[in-house]
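# Observations on chain architecture
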Amino acid sequence: MKCNSLYIGTAVPNRVFSEWGKYSDVVTKSFNCFTPENEMKPDALLDGEGSRAALPESYTHAKIRFLSCEPIIKTAISTGAKVRLHTLVWHSQTPDWFFTEDYTDGGALVGRDVMLCRMESYIHDVLSYFIDNYPDLIYAVDVVNEAFDRDAGDDSGVRRKNNKWYATVGDDYYYQALRFAKKYSDGKFGLFYNDYACMYKPDMILSNLKNARDEGLIDGIGMQSHLTVGENLGLYFDAMKKFADAGYELQVTELDIGIKEKSKENLRLQAEYYGKIADGIASLKASGTNITALTVWGISDALSWRHGEYPLLFDENLLPKPAYFEFFPKLCGI
Ligand code: 9MR
């Protein structure tokens, strides 16, 4: 869909591509870019067996493979869609073995210098693969995902809990990731910091990213936007304005809006709420705010990671919900 010069995307897991006949119409009529829901995460790309077998040569340079990405790449090319590279450095969905001396889950953690080499080679290898093979496919890269969280973080809010990047590299791991992404992206992709609950922590995000921003290592902020009907949209749009005022490009990267139960009234409230998001974004955009993409986190309620909350635009029969009819016209001015 061509929409006010916004990319409009959806998260697509590989099982959708294996039943593409069922989904192709719905997907290609509404969306012009895809985010792989899980298939480009480190646990999908990193090759444990290959890395262990190649030791010691692979000690600072783990092996990767791109088999899991083939369906999305093939379909994106054949439908003319762009792809978001989600995600390079994240505390979650990154195998434990990647951080250890012998590439086994129970091994001793490596130190900062070794882990920085592994981070650099991973980022280099993933970005180079796309630059060399599919130079026009990727429109944005989530370089770092979810690095700041007041409850799980240190004094600056940098995520310490359950975070092997923090345990090995230290509290500047997100900065180092941005540095390597900048070094190897060749100016080809937008480089993003992506996070949830951005509306509750805009100042923390901005202060932690300040050095990287000042050094030109980052282009934008991805606001995931996993919302629930009734959440304070004033805070949501205030955060957007703060990020934009600080010079960041903005993308909504994982929008879904939950309801408690599926009643007619709740579906109406959900539609109204989707409509307010669309209105707010359209008017910020009209007044010059640099919002360039909006991705909904999935196609239908049945496919959603929050399927008990019916958070998406299409129902389990792939029929458009009331939210669909509020959202797209308001967002795209049609
Ligand atoms: O939607 C994804 C789900 O299928 C996975 O089980 C889950 C595991 O971490 O990740 C989900 O996607 C997450 C995204 O990558 C980052 N932001 C939060 C999303 C929802 O958990």
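These figures come from a predicted structure and were not determined experimentally. (Residues numbered from 1 in each chain as written. Predicted model: local features only at pLDDT ≥ 70, side-chain atom pairs only at ≥ 80, totals over all residues. Heavy atoms only, no water.)

Attention now moves to the pairing of strand 3 (residues 82-90). Among the nine residues that make up strand 3, eight are buried, leaving the element largely enclosed by the rest of the structure. Judged from the two bridges that link them, strand 2 (residues 33-36) and strand 3 form a sheet pairing that is parallel. Each bridged residue has a counterpart across the sheet, and for F34 the counterpart in strand 3 is V83. Here six bridges tie strand 3 to strand 4 (residues 138-145), and the two strands are oriented parallel to one another. If you follow R84 over to strand 4, its bridge partner there is A140. In terms of handedness, the path from strand 3 via helix 6 (residues 112-133) over to strand 4 forms a crossover that is right-handed. (Buried < 20%, exposed > 50% of the residue type's maximum accessible area, 1.4 Å probe, protein only. Helix = DSSP H or I, 4+ residues; strand = E, 2+ residues; numbered from the N terminus. Pairing = 2+ DSSP bridges. Right-handed = clockwise from strand over helix to strand, strands pointing away.)

Our focus in this paragraph is the site of the ligand. Every one of the 13 residues lining the ligand counts as a neighbour, but E37, K41, H86, Q93 and E254 are closest to it. Side-chain polar atom of N38 to an oxygen atom of the ligand: 3.0 Å apart, as the coordinates give it. Here the ligand, which alone exposes 450 Å², has 75% of that area covered by the protein. Among the residues forming the shell around the ligand, the class breakdown is three nonpolar, six polar and four charged. (Near = heavy atom within 4 Å. Polar contact = N/O pair within 3.5 Å; in protein donor to acceptor, adjacent residues only side chain to side chain. Areas by Shrake-Rupley, 256 points an atom, 1.4 Å probe, with all protein chains shown as cover. Nonpolar A, V, L, I, M, F, W, Y, C, P; charged D, E, K, R; others polar.)

What follows concerns the environment of I205. Inspection of the secondary structure assignment puts I205 in helix 9 (residues 202-214). Residues I205 and A76, spaced 129 residues apart in sequence, show a C-alpha to C-alpha distance of 32 Å. Dropping the residues within four chain positions of it, I205 is found in contact with F148, Y193, D195, C198, I221 and F243. (Contact = heavy atoms within 4.5 Å.)

In terms of nonpolar packing, the biggest core is built from 109 residues, with F130 and F327 touching the most fellow members. When residues of this core are assigned to their parent elements, the largest contribution, eleven residues, is made by helix 6. Not counting residues up to four positions away in its chain, the partners in contact with F130 are M40, F66, I73, L85, P135, L137, I138 and F189. Grouped together as the second largest cluster of nonpolar side chains are five residues, C33, Y139, A140 and A293 included. (Core = buried A, V, L, I, M, F, W, Y, C linked by side-chain atoms within 4.5 Å.)

Worth remembering: the numbers are spatial, not functional.
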